[in-house]
Amino acid sequence: MISRPRLAALALLPCLAVSAGCGHKDRAAKAPSDNVFRIAMTASPTTFDPIMVEDGTTIDMLQQVAEGLVQWTPENKVTGALAKSWDISKDGRTYTFHLRDGVKFQDGNPMTAQDVYFSFKRAFSNKLESPVSLTYLGDIVGSDELFAGKTTELTGVKVIDPMTIAITIKKPKTYWIYTLTYPTGYILSPSEAKLDAPLTDKDLAAGAGTGPFRLTQYTTDQKVTLAANSAYWGGAPKIAGQDRRIVIDAATRHSLYVNGEIDIVDEQKGDLDTDSKTLKDEVKFWPRAATYYVGLNQGTFPAFKDVRVRQALAYATDKQKIRHVVLRDNLDVAEDILPVGIPGADPSFKGIPYDPAKARELLAAAGYPGGKGFPAITISYRESYPDLDKTVDLIRGMWKDNLGIDVQGKRTQWTVLLDLEHKNQLDAYHIRWAADYLDPQDYYTVLLTTHGSENHTGYSNPKFDQLCEQADSMPDGPERVAKYREAARIVADEVPMIPLYYQKDIELVKPYVQNIDDGLMGHLPYKNLTLAK
């Protein structure tokens, strides 16, 4: 794939070279006169089609333009979006949605139940082969058959009348309504979206969505421009639009913020010591339902098939050191893959502790005393994040010093990393899993069961699978939580992945940026955001 250019890098080189001279003078005391919110995206959009998206950077952009039947609130609750209400059948399998009156797509066409049916049917088009639709919508009756091309209709979705639609799922699952918040559940205009072709930036700009903002221009690998949708059903946004520059380099993003050219930026932990003093009122912390981890792929790296090897690597990983050196003691060590804040998480849970002696003992028992004969490991990770560079460097040193094994780090372009992970072609990788919805199923079942759609480590344990299958279909309550906690103990001990730390977004935000709607899922669409004058 073609690598992305680093926007404005040449123009900013003088400033980057003399950080003391221009690195910490906040030049933007006033809001931009055009009332446009200026953002730096850390990567180019990977797609403009909601049924194809797999990364948070692109989702943040798409959620401004399109939406589904339901949405998250800042209080981490699900509420109606395009649906004003819904009823659930006594058996828990059929959800009847009553659509909101007066909603129009940005192309001017009114939204009806037939458009909802079309959008769900399109998500399972075997010509489009969405990589995520079965993950999030696969509980719908008939989804597998339609995706496989065995039928032409989605039997589990029925249009009752122009403003009412019923969706039937295979088994009652209390978390199911949450899955509709993922972009695969966004409703699109049939005038722009097609059953046999991915949605392009031009299609989206023509008005395919119903969201509070409209895509007006995409300059490849440089900028995404959004304008307020004055006809939005929830009322026009408070800002005129969004200017989203694509800036791969973290230092360049930081300089753009300091120079007053953007209004919000991700903060690398290495900048915190200085920024907490010079820009202290602009440093914001946002808790997230997300976990960073190292995945260990048994399919491509045979040594990982031995549980003693995986355990040795976990015992050799000093998470507290990573927290102190890289994260500046601002984030919490991850004992479990499920982050605190999601129902069912246990703050007192303990995973494998740091114990170099135990690590060496296990590696020797696996046939690699002192690391002798152990193949070199490559840990792949996303480019453009210095924190990831530092974390991987620390892990390399820990595994070398404690186990005597050689480890290489490989910075990888984001789209390439996602593609390789999806194809199960990464030996080891440092990445995060951010909640798609606030339920343990999205972590244990999706990530770690044998046939989990996002299981890229080759991990398989029948007992773990059984516990997750049982818990997935149980009503909320202590018994369901107990099943997931039992499953959590199994996977923590068998180490298909090494949880490192729970995410907390740290951003620099200009003082005039107000009313950001935010929750554990991240920043919500900026329809209520204001730029104080």
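Residues numbered from 1 in each chain as written. Predicted model: local features only at pLDDT ≥ 70, side-chain atom pairs only at ≥ 80, totals over all residues. Heavy atoms only, no water.

Looking only at helices and strands, the protein features 18 helices and 20 strands. In summary, the protein has a C-alpha radius of gyration of 24 Å against a globular reference of 24 Å for 533 residues, a match within 12%. In terms of overall dimensions, the protein has C-alpha extents of about 70 × 60 × 40 Å along its principal axes. Counting only contacts in the protein whose residues sit at least 6 apart along the sequence, the fraction spanning at least 24 positions is 71%. Of the roughly 21200 Å² of accessible surface on the protein, 51% is carried by carbon and sulfur atoms. Positive and negative side-chain charges of the protein, numbering 61 and 69 respectively, have mean locations separated by a distance of 2 Å. (Helix = DSSP H or I, 4+ residues; strand = E, 2+ residues; numbered from the N terminus. Rg over C-alpha atoms; globule rule 2.2 N^0.38 Å. Contact = heavy atoms within 4.5 Å. Areas by Shrake-Rupley, 256 points an atom, 1.4 Å probe, with all protein chains shown as cover. Lys, Arg positive; Asp, Glu negative; His and termini not counted. Charge placed at Lys NZ, Arg CZ, Asp CG, Glu CD.)

This part covers the packing of aromatic side chains. This model, assessed by the stated rule, comprises 17 aromatic pairs. Seen from their ring centres, Tyr-95 and Phe-97 are 6.4 Å apart, and the 15 degrees between their planes marks the pair as stacked. On the accessibility criterion, Tyr-95 (5% relative accessible area) is buried. By relative accessible area, which is 0% here, Phe-97 ends up buried. Judged by centre distance (6.0 Å) and plane angle (70 degrees), the ring pair of Tyr-459 and Phe-464 falls under edge-to-face. The two residues Tyr-459 and Phe-464 agree in class, both being buried. Pairwise contacts between aromatic rings join Trp-86, Tyr-95, Phe-97 and Trp-176 into one cluster. Cation over ring: Arg-253 sits above Tyr-385, and NZ or CZ is 5.5 Å from the ring centre. Seen from the ring of Trp-414, Arg-382 lies directly overhead, with NZ or CZ sitting 4.1 Å from the centre. (Phe/Tyr/Trp six-rings, centres within 6.5 Å; stacked < 30°, edge-to-face > 60°. Buried < 20%, exposed > 50% of the residue type's maximum accessible area, 1.4 Å probe, protein only. Lys NZ or Arg CZ within 6 Å of the ring centre and 35° of its normal.)

Right, let's get into the pairing of strand β6 (residues 157-161). Sheet topology note: the β6/strand β7 (residues 164-168) ladder contains four bridges and is antiparallel. Bridged to Asp-161 within β7 is Thr-164. Taken together, β6 and the strand that follows it, β7, pair antiparallel across an intervening segment of two residues. (Pairing = 2+ DSSP bridges.)

This brings us to the pattern of salt bridges. If you walk through the whole model with that rule in mind, you get 27 salt bridges. With a closest N to O distance of 4.0 Å, Glu-486 and Lys-463 form a salt bridge. Taken together, the positions of Glu-486 in helix α18 (residues 478-494) and Lys-463 in helix α17 (residues 462-472) put the pair 23 residues apart, joining distant regions of the chain. Beyond isolated ion pairs, a larger network of salt bridges with shared partners links Arg-288, Asp-505 and Asp-518. (Salt bridge = Lys/Arg side-chain N within 4 Å of Asp/Glu carboxyl O.)

This part takes up the packing of α17 against α18. Two elements in contact, α17 and α18, have axes separated by 9 Å at closest approach and are oriented at 160 degrees. In terms of axis orientation, α17 runs roughly antiparallel to α18. Here α17 runs over α18; the crossing is left-handed. Of the residues in α18, those in contact with Lys-463, Phe-464, Leu-467, Cys-468, Gln-470, Ala-471 and Asp-472 of α17 are Arg-480, Lys-483, Tyr-484, Glu-486, Ala-487, Ile-490 and Val-491. Broken down by class, the residue content of the contact of α17 with α18 amounts to eight nonpolar, one polar and five charged. (Axes fitted to C-alpha atoms, helices over the stretch in contact; angles between N-to-C directions. Parallel < 35°, antiparallel > 145°, perpendicular 65-115°, else oblique. Left-handed = near helix turned anticlockwise from the far one by under 90°. Nonpolar A, V, L, I, M, F, W, Y, C, P; charged D, E, K, R; others polar.)

Taken together, the six bridges between strand β8 (residues 213-219) and strand β9 (residues 223-228) define a ladder with antiparallel strand orientation. The partner of Tyr-218 across the bridge, within β9, is Val-224. Relative to strand β10 (residues 241-246), β9 runs antiparallel, the two sharing five bridges. For Leu-226, the partnering residue across the bridge sits in β10 and is Gln-242.

Time to look at the confidence of the model for the protein. Overall, the prediction assigns the protein a mean pLDDT of 93, with 95% of residues at 70 or greater. When the criterion is pLDDT under 50, residues 1-24 qualifies, and its contacts beyond four places in sequence or with other chains add up to 43 contacts. (pLDDT = per-residue confidence, 0-100.)

Let's shift gears to the sheet that holds β7. Backbone-to-backbone hydrogen bonds pair the strands of a sheet. The strands run either parallel or antiparallel. With antiparallel pairing, four strands are arranged side by side in an open sheet as β4-β5-β7-β6. In this open sheet, the two edge strands, each paired with only one partner strand, are β4 (83-88) and β6. Strand-to-strand twist of the sheet, defined as the mean angle between neighbouring strand axes without regard to direction, takes the value 25 degrees. With five bridges joining them, β4 and strand β5 (residues 94-99) adopt antiparallel strand pairing. In the strand pairing of β5, Asp-87 is matched with Thr-96. Contacts between helix α4 (residues 113-123) and the sheet are confined to β5, β6 and β7, with β6 contributing the most and set at about 175 degrees to the helix.

With that settled, the discussion passes to empty space enclosed by the protein. Under the criterion given, the structure shown has one cavity of 30 Å³ or more. Computed from the structure, the largest cavity encloses a volume of approximately 140 Å³. Taken together, 15 residues line the largest cavity, and the ones lying closest to its centre are Glu-335, Val-491, Ala-492, Met-497 and Pro-499. Counting residues per element, the ones that place at least two in the lining of the largest cavity are α18 and β16 (497-509). Take the lining of the largest cavity: its biggest share by element is three residues, from β16. Counted by class, the lining of the largest cavity contains 11 nonpolar, one polar and three charged residues. (1 Å grid on protein atoms, 1.4 Å probe; cavity = no way out; pocket = protein on both sides within 12 Å on 5 of 7 lines; lining within 4 Å. Points joined across faces, edges and corners; volume = space filled by probe spheres on them.)

Take the environment of Ser-460 next. Secondary-structure assignment places Ser-460 in the loop between α16 (441-448) and α17. Ser-460 sits in the partly exposed class, given a relative accessible area of 43%. Linking Ser-460 and Pro-496, residues 36 residues apart in sequence, is a C-alpha distance of 9.0 Å.

All right, on to unusual backbone geometry then. The residue Asn-424 is not glycine, and still its phi comes out positive at about 60 degrees. Along the chain, Asn-424 turns up in the loop between α15 (414-422) and β15 (428-434). Of note, Asn-515 is a non-glycine position whose phi angle comes to about 65 degrees, a positive value. Structurally, Asn-515 is set in the loop between β17 (513-514) and β18 (518-519).

Attention now moves to the side chain of Gln-63. Mapped onto the elements of the fold, Gln-63 is located in helix α3 (residues 56-65). In this structure the side chain of Gln-63 is engaged in a polar contact, spanning 2.9 Å, whose partner is the backbone oxygen of His-523. Here Gln-63 is in contact with Tyr-186, His-523, Leu-524 and Pro-525, once residues within four sequence places are set aside. (Polar contact = N/O pair within 3.5 Å; in protein donor to acceptor, adjacent residues only side chain to side chain.)

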